[in-house]
Amino acid sequence: TQDLLLTRKTSGLIGNQLELTLPTGTSPATAQTLLYLPNTYESDGNTRYPIIIHLPGISQQSSNINDMLTTGLCQRIAGGLHPSAINPADGKKYKFIVFSPQGPAGSWGWQQSQIMNYMLPELLKTYRIDTNRIYVTGFSAGGWGAVTFMDDDLKTVKKIAAICPIAPASLDNEPNIKWAAQYALPARTIVGGDDACLPNEQTIKKCINKQHPVV
């Protein structure tokens, strides 16, 4: 709609995902993004879906939206994946909306402040998103971006259901995550034993455990 600073491209889907332009609150003022909607989204007009915020690596940050399809979750969706999971608590299968913002070329991509304060509010105006189930993941530079969601921002921490940084790239400094620990934000970091990002993951783990979080 015209009042949203949100435009849907008319050229069709890109890798089974919508191409959207969203505000960033900084420079550049807008970002190219991809949005995957479950195959039941249109037919089931009442369901609110959980959302995965997926942050790509540095090689996917560019002015070409097709670069987002070269690896990661965007690539898997383009190949036919329909993200879903079974909740062991109720045995039900839940389908996910997946939101993937692309940063400018050479950048490390977007962080929680731009996504939570500007991009996500616009999506909430248009799409049926379950705000109690917002999940964050990302790899390499996007893994570092994912870590910013559990940094010392109480308002954001309370809105995130779980976070999974994958091989997070180097941090500017140790994340201050006392609120994430206090509110028991579930966090799982994943990295290969030979990955250059292993020391970063170990730093994050130490920061978490230093707060004596609830297991």
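This text goes with the structure placed above it.
These lines cover the structure that appears in this document, whether it is placed above or below. Predicted model, so just to flag it, every value in this text is computed and none were measured.

What counts as what
Residues numbered from 1 in each chain as written. Predicted model: local features only at pLDDT ≥ 70, side-chain atom pairs only at ≥ 80, totals over all residues. Heavy atoms only, no water. Helix = DSSP H or I, 4+ residues; strand = E, 2+ residues; numbered from the N terminus. Contact = heavy atoms within 4.5 Å. 1 Å grid on protein atoms, 1.4 Å probe; cavity = no way out; pocket = protein on both sides within 12 Å on 5 of 7 lines; lining within 4 Å. Points joined across faces, edges and corners; volume = space filled by probe spheres on them. Nonpolar A, V, L, I, M, F, W, Y, C, P; charged D, E, K, R; others polar.

**Here's the deal with the environment of Pro104**
Turning to step 1, where the next piece is worked out: Relative to the helices and strands, Pro104 resides in the loop between strand 7 (97-101) and helix 2 (112-126).
Turning to step 2, where the next piece is worked out: Remark: the alpha-carbon pair of Pro104 and Ser27, spanning 77 residues in sequence, is separated by 9.7 Å.
Turning to step 3, where the next piece is worked out: Among residues more than four places away in sequence, those in contact with Pro104 are Pro28, Gln61, Ser62 and Trp110.

**Concerning the layout of surface pockets**
Turning to step 1, where the next piece is worked out: Of the voids in this model, the largest pocket is the one considered here, and its volume is about 390 Å³.
Turning to step 2, where the next piece is worked out: Around the largest pocket, the lining is made up of 16 residues, and of these Ile52, Tyr135, Val136, Thr137 and Cys164 lie nearest the centre.
Turning to step 3, where the next piece is worked out: For the lining of the largest pocket, the secondary structure elements donating two or more residues are strand 5 (84-86), strand 8 (129-139) and strand 9 (162-166).
Turning to step 4, where the next piece is worked out: Grouping the constituent residues of the lining of the largest pocket by class yields 13 nonpolar, two polar and one charged.
Turning to step 5, where the next piece is worked out: In this structure, the second largest pocket occupies an estimated 320 Å³ of space.
Turning to step 6, where the next piece is worked out: What lines the second largest pocket is a set of 17 residues, among which Leu185, Ala187, Ile208, Asn209 and Pro213 lie closest to the centre.
Turning to step 7, where the next piece is worked out: Elements supplying a minimum of two residues to the lining of the second largest pocket: helix 5 (178-182) and helix 6 (198-210).
Turning to step 8, where the next piece is worked out: Top contributing element to the lining of the second largest pocket by residue count: helix 6, with four residues.
Turning to step 9, where the next piece is worked out: For the lining of the second largest pocket, a count of residues per class yields twelve nonpolar, two polar and three charged.

Shape descriptors only; they carry no functional weight alone.
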